[in-house]
Amino acid sequence: MIRLFRVPAALLFATCAMLPALATAAPAPPPDPLPGVPLELARQRAAAVRDLRYELVLQIPARPQTPIRGRATLRFELADPAQPLVLDFDAPGADEARVVVNGTPVRVRAVNGHLVIPAAALRRGANRVQIAFRAGDAPLNRAPDLLYTLFVPARARLAIPCFDQPDLKARWSLTLEHPAAWQSVANGAELARAVRGARVRVRVRFAETAPLPTYLLAFAAGALQIEQAQRDGRMLRLFHRENDRAKLEHQLGELFDQHAQALAELERYTGIPYPFGKFDIVLLPSFLFGGMEHAGAIFYRAESLLLEPSATQDQLLARANVIAHETAHMWFGDLVTMRWFDDVWTKEVFANFMADKLIQPRFPQLRHDLRFFGSHHGDAYAVDRSAGSNPIRQPLANLDGAGSLYGPIIYEKSPVVMRQLEALLGEAAFRAGVREYLRRHAFGNATWDDLIAALAGHSPQDLRHWSRMWIDEPGRPQIRSTLQRDAAGPARLVLTQADSHGRDRTWPQQLHVALGCGATRRLLVADLHGASLDLSERLGDCVPDWVLAGGDGWAYGEMVLDEHSRAWLLARLETIEDPLDRGVAWSALWEDLLAARITPAAWWAMARRVLAHETQPQLVEAWLSDLQTVWWRFLVDTQRTARAADLEGLLQERLAADGSPILKAAWFNALRSVATTPAALARLRALWAREATIEGLPLGETDETALAQALALRDLPDAEAILDAQQARLANPDRRARFAFVRAAVSPDAARRARWWQALREPAGRRHETWVLEGLRLMHHPLRAQASRATVPEALALLREVHTTGALFFDAGWVQAVLGGHGTPETAQMVEQFLAGLPPDYPPRVRAVVLQAADLLQRAQRARCSTACS
């Protein structure tokens with residue numbers, strides 16, 4: 001029964017009058033999501049979405065110009081359907097995506113690189129979202145017969161619709177449809193391969209993966225060959241495009257062995273079996289990084305693993321290191337993933353830290369303490385001494401800036417810091433804490449604080465205070481030695497530390513202070529926690545000839561020598577017996593040069609004398625690199641002309657005399673870099689033309705390509721003919737295409753170089769990023785620096801766009817390549833004017849990249865001298 005009653009007129013009119021106000025007070029729709037992947041959005045989704053699975057089907061045509069069509073099915077549990085659900089999809093044509101939610105077609109909004117699903121289409125608990133879309137090409141690296149993904153750090157959304165954040169790990173089921181002649185590889189094992197369409201296409205279905213974040217999703221398809229081998233009961237496969245069969249077979253066994261050894265050692269160290277089933281190795285030409293740790297299918301730059309017979313020791317070590325590094329990521333980064341990219345360094349530090357341990361058995365002849373020092377300190381110092389220094393852990397509000405977090409600080413400084421942390425806890429306690437961390441967060445996400453908590457359970461140390469200084473603060477300490485050698489009494493030695501950028505901070509760390517006491521070496525181990533440390537009473541009867549506060553390559557900081565030690569080392573460094581002491585002493589003198597505490601003339605005299613005697617390959621390669629930097633950037637033309645014959649004579653003498661192929665390669669590479677006299681250029685040309693050889697050092701295709709480019713940079717009359725001939729020599733189509741692209745940048749024809757540069761102004765011209773960086777380095781080579789200087793302001797102006805459109809590391813590589821050959825006041829002034837004119841909204845981390853790249857330029861132009869250095 002319905003009961004009717006009369007409403008008083010006054011109340012009726014009042015109610016009607018309220019209706020507009022009620023409409024105004026209705027809840028406003030949620031604001032549009034911001035571009036990129038904001039932290040707040042990521043937190044909301046991580047709290048709401050659980051048990052995420054993707055089924056992804058992609059139809060890949062043979063022609064790279066033809067769009068890739070895709071279908072994605074997302075299944076997940078939703079905690080609260082009251083708000084719209086935001087997916088990330090920032091590809092051309094995203095607004096054309098067709099979406100079905102829980103069986104019902106739904107109109108979604110495409111806004112700011114996202115698809116917004118209305119709340120009304122969602123339900124609490126299980127949901128299914130189906131999307132038909134056109135894939136974006138930006139992170140797919142498409143070529144006529146090759147495609148491969150590179151989604152790190154948050155670029156999956158540029159190709160497919162997804163939740164593009166590291167803490168929404170998902171199980172992925174992938175199906176690829178592609179030309180039948182192609183091979184394909186992905187994270188999961190291949191389950192089925194069905195021929196379609198008159199046998200011209202195949203449909204390949206891959207197994208569902210373990211939980212992975214979007215940045216680790218990976219697949220490659222194209223004209224790939226497959227090699228395989230059994231190691232320790234596990235089948236390993238290697239995908240490649242190398243057509244030099246002899247080159248491949250010479251190294252194939254070593255590549256399989258190194259991966260198998262790394263897997264076995266990591267299983268032993270972590271106590272956790274390899275967690276991702278199958279294990280594939282994918283070698284890709286001109287891959288942007290040395291390697292990328294996709295679970296189950298590691299991608300590598302082919303040139304980094306398939307080396308020439310003339311490979312230097314540094315190249316052999318780099319290959320072993322990248323293999324160990326990427327394999328370590330299977331546990332550190334893939335099994336346990338950072339929650340947000342502000343902690344991306346935690347996966348990189350463990351990968352590098354473990355790699356340093358893993359490669360030692362493969363190179364028993366090396367001094368690995370020297371290798372650790374040489375590999376990490378110098379590159380980290382290059383950033384920390386600059387005005388663009390950054391802490392290891394950096395805040396991150398949006399994943400569109402995640403790429404700027406990467407760099408030498410997280411790759412090189414953090415292993416030094418982690419080694420000190422291991423020493424602070426003790427190796428056994430450190431390992432126990434790491435195992436606990438991995439077990440507790442397996443197939444999930446964790447933060448640096450989670451790791452500290454796991455380690456703190458195995459140590460009484462105050463790790464959080466230690467962490468604040470070393471992890472959350474930028475820069476490095478300046479540790480200064482003050483030595484008093486008074487003949488009337490005992491020597492006195494005091495160490496003081498200060499912030500190298502003038503801030504009131506001190507870094508707690510252990511020092512190994514090496515002393516040269518006549519014919520003997522002494523070592524003082526001491527903890528430096530405050531502003532000063534008096535070691536006088538520990539000297540005993542030693543009156544040091546030299547003091548190295550960074551002894552054993554242990555401490556981290558700018559080590560400022562006392563006056564007596566500096567003079568002694570400049571005069572007699574080569575007489576120090578221990579190679580690591582020689583390396584640490586060289587590093588201190590290098591810092592003296594950069595800080596203008598010694599002149600380029602004094603440094604050059606020391607370096608020329610020391611290199612005439614040094615036989616330790618690790619030192620020779622590192623020191624020759626510094627020598628080339630000073631040669632091209634700290635000396636002016638007249639100084640190089642005066643020294644050229646002497647330097648080339650030294651390099652050719654050592655090249656002929658040293659029996660080790662490793663040393664021969666180092667001397668030869670340096671000669672190729674610095675040669676300018678007619679006699680030296682004639683020898684290089686004869687080597688390129690195969691009219692001469694180097695006994696004990698066979699040259700490969702990569703060596704001949706570098707020779708052709710070096711000769712072209714010297715503007716030989718037949719330079720174009722040399723480049724023509726070298727291009728014709730290249731049998732591998734990938735290497736031939738790269739050479740053809742780079743060739744214009746090295747051409748003696750200024751108009752041709754200008755056209756090459758003009759093409760880079762558009763994003764399409766920068767698509768092959770490794771090729772672009774190689775070309776920029778050649779275009780801005782010191783021999784061409786005067787001609788290319790006019791392009792520096794425009795290159796800097798393009799940097800913000802390069803940062804936005806390019807992949808990881810491209811912005812830093814761009815500015816380093818542009819500035820790396822310059823050392824004049826004119827170019828330094830261009831950089832200063834650029835920095836002074838930046839708008840307030842310029843990305844701070846991109847500005848920091850400029851400051852880092854310009855630091856050596858600024859120091860070089862200040863140190864350049866005229867008569868004082870002659």
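Residues numbered from 1 in each chain as written. Predicted model: local features only at pLDDT ≥ 70, side-chain atom pairs only at ≥ 80, totals over all residues. Heavy atoms only, no water.

A few words on helix α19 (residues 701-713). The first and last C-alpha atoms of α19 sit 19 Å apart over 13 residues, in line with the 18 Å expected at 1.5 Å per residue. Counting buried residues along α19, 10 of its 13 residues qualify, which places the element largely inside the surrounding structure. Every buried residue belonging to α19 is among Asp703, Glu704, Thr705, Leu707, Ala708, Gln709, Ala710, Leu711, Ala712 and Leu713, and all of these are buried. Buried positions along α19 lie against α17 (661-674), α18 (678-688), α20 (719-729), α21 (733-746) and α23 (769-779). (Helix = DSSP H or I, 4+ residues; strand = E, 2+ residues; numbered from the N terminus. Expected span 1.5 Å × (residues − 1). Buried < 20%, exposed > 50% of the residue type's maximum accessible area, 1.4 Å probe, protein only. Contact = heavy atoms within 4.5 Å.)

Glancing now at the pattern of salt bridges. Pairs may arise between side chains of opposite charge once their charged atoms sit close together. Taken as a whole, this structure holds 66 salt bridges when the rule is applied. The partner of glutamate 308 in a salt bridge is lysine 247, and the shortest N-O contact between them spans 3.6 Å. Here the residue glutamate 308 occupies a position in the loop between α4 (302-305) and α5 (313-328), and lysine 247 occupies one in helix α3 (residues 245-270), the gap between them amounting to 61 residues. Exposure class is identical for glutamate 308 and lysine 247. Each is buried. The salt bridge partner of arginine 608 is aspartate 646, with a shortest N-O separation of 2.8 Å. With arginine 608 in helix α14 (residues 600-611) and aspartate 646 in helix α16 (residues 637-657), the pair connects residues that are 38 residues apart, well separated along the chain. A relative accessible area of 38% places aspartate 646 in the partly exposed class. Through salt bridges with shared partners, one network takes in Glu558, Glu563, Arg566, Asp592 and Arg597. (Salt bridge = Lys/Arg side-chain N within 4 Å of Asp/Glu carboxyl O.)

The final tally for this structure, using the stated rule, is 1 disulfide. Cysteine 517 shares a disulfide with cysteine 542; S-S distance 2.0 Å. Measuring the twist about the S-S bond at about -90°, one finds the cysteine 517-cysteine 542 disulfide to be left-handed. Of this pair, cysteine 517 sits in strand β24 (residues 509-517) while cysteine 542 is found in the loop between β26 (532-534) and β27 (546-548), placing the two residues 25 residues apart along the sequence. Exposure remark for cysteine 517: the relative accessible area of 12% places this residue in the buried category. Classification of cysteine 542 by relative accessible area gives buried; the value is 2%. (Disulfide = S-S within 2.5 Å.)

Turning to the packing of helix α8 (residues 408-425) against helix α11 (residues 463-472), a few remarks are in order. One way to put it is that α8 packs onto α11 with a least axis distance of 11 Å and a crossing angle of 160°. The angle between α8 and α11 falls in the class roughly antiparallel. In the crossing of α8 with α11, the sense of the turn from one axis to the other is right-handed. In this structure, α8 contributes Lys413, Val417, Leu421, Leu424 and Leu425 to the contact, and α11 contributes Leu463, Trp466, Trp470 and Ile471. In terms of residue class, the contact of α8 with α11 is built from 8 nonpolar, no polar and 1 charged. (Axes fitted to C-alpha atoms, helices over the stretch in contact; angles between N-to-C directions. Parallel < 35°, antiparallel > 145°, perpendicular 65-115°, else oblique. Left-handed = near helix turned anticlockwise from the far one by under 90°. Nonpolar A, V, L, I, M, F, W, Y, C, P; charged D, E, K, R; others polar.)

With that settled, the discussion passes to the sheet that holds strand β3 (residues 85-88). With respect to topology, 3 strands assemble into an open sheet ordered β3-β7-β6, the strand pairing being antiparallel. Unpaired on one side and paired on the other, β3 and β6 (109-111) mark the two borders of the sheet. When strand polarity is set aside, the average angle formed by the axes of neighbouring strands in this sheet is 30°. Sheet topology note: the β6/strand β7 (residues 114-117) ladder contains 3 bridges and is antiparallel. Across the sheet, alanine 110 pairs through a bridge with leucine 115, a residue of β7. Together, β3 and β7 form the strand contacts of helix α2 (residues 39-48), whose direction differs from that of β3 by roughly 115°. (Pairing = 2+ DSSP bridges.)

Enumeration according to the criterion identifies 32 aromatic pairs in this entry. Taking 5.9 Å as the distance between ring centres and 70° as the angle between the ring planes, the aromatic pair formed by phenylalanine 741 and tryptophan 756 counts as edge-to-face. Here phenylalanine 741 is found in helix α21, whereas its partner tryptophan 756 is found in helix α22 (residues 750-759), with 15 residues between them in sequence. For phenylalanine 741, a relative accessible area of 22% translates into the label partly exposed. Site record: aromatic cluster; members linked through ring pairs are Tyr148, Phe287, Phe289, Phe299, Tyr406, Tyr411 and Phe809. Over the ring of tyrosine 381 we find arginine 476; its NZ or CZ atom is 4.8 Å from the centre of that ring. Lying over the aromatic face of tryptophan 688, arginine 729 brings its terminal NZ or CZ to 4.3 Å of the ring centre. (Phe/Tyr/Trp six-rings, centres within 6.5 Å; stacked < 30°, edge-to-face > 60°. Lys NZ or Arg CZ within 6 Å of the ring centre and 35° of its normal.)

What follows deals with empty space enclosed by the protein. According to the stated counting rule, one finds 4 cavities of 30 Å³ or more in the structure shown. When its volume is computed, the largest cavity comes out at roughly 110 Å³. Lining the largest cavity are 17 residues, with Gly550, Met559, Val584, Ser587 and Ala588 sitting closest to its centre. Secondary structure elements with two or more residues in the lining of the largest cavity: α7 (368-384), β27, β28 (558-560) and α13 (579-594). In terms of residue count, α13 provides more of the lining of the largest cavity than any other element does, 4 residues in total. Residue composition of the lining of the largest cavity, by class: 11 nonpolar, 5 polar and 1 charged. When its volume is computed, the second largest cavity comes out at roughly 70 Å³. Lining the second largest cavity are Gln258, Gln261, Ala262, Ala320, Ile323, Ala324, Leu358, Ile359 and Arg362. (1 Å grid on protein atoms, 1.4 Å probe; cavity = no way out; pocket = protein on both sides within 12 Å on 5 of 7 lines; lining within 4 Å. Points joined across faces, edges and corners; volume = space filled by probe spheres on them.)

Before going further, it helps to spend a moment on the nonpolar core. Membership of the largest hydrophobic core comes to 163 residues, with the highest contact counts inside it found for Phe133, Phe341 and Phe430. The contacts of phenylalanine 133, once residues within four sequence positions are left out, are Leu56, Leu58, Ile68, Arg69, Gly70, Arg71, Ala72, Phe89, Ala97, Ala159, Ile160 and Pro161. Counting 64 residues, the second largest nonpolar core, distinct from the first, contains Leu589, Ala666, Leu697 and Ile722. (Core = buried A, V, L, I, M, F, W, Y, C linked by side-chain atoms within 4.5 Å.)

Roughly 920 Å³ of volume is contained in the second largest pocket. Surrounding the second largest pocket, 34 residues form its lining, Asn141, Arg142, Arg767, His768 and Glu769 being those nearest its centre. The set of elements that each furnish at least two residues to the lining of the second largest pocket consists of β9 (146-148), α21 and α23. Among the residues forming the lining of the second largest pocket, the class breakdown is 18 nonpolar, 7 polar and 9 charged.

So, about α5. Taking 1.5 Å per residue as the helical rise, α5 with its 16 residues ought to reach 22 Å, and the 22 Å between its terminal C-alpha atoms agrees with that figure. Extensive coverage of α5 is indicated by the burial of 12 of its 16 residues. Within α5, the full set of buried residues consists of Gln313, Leu317, Arg319, Ala320, Asn321, Val322, Ile323, Ala324, His325, Glu326, Thr327 and Ala328.

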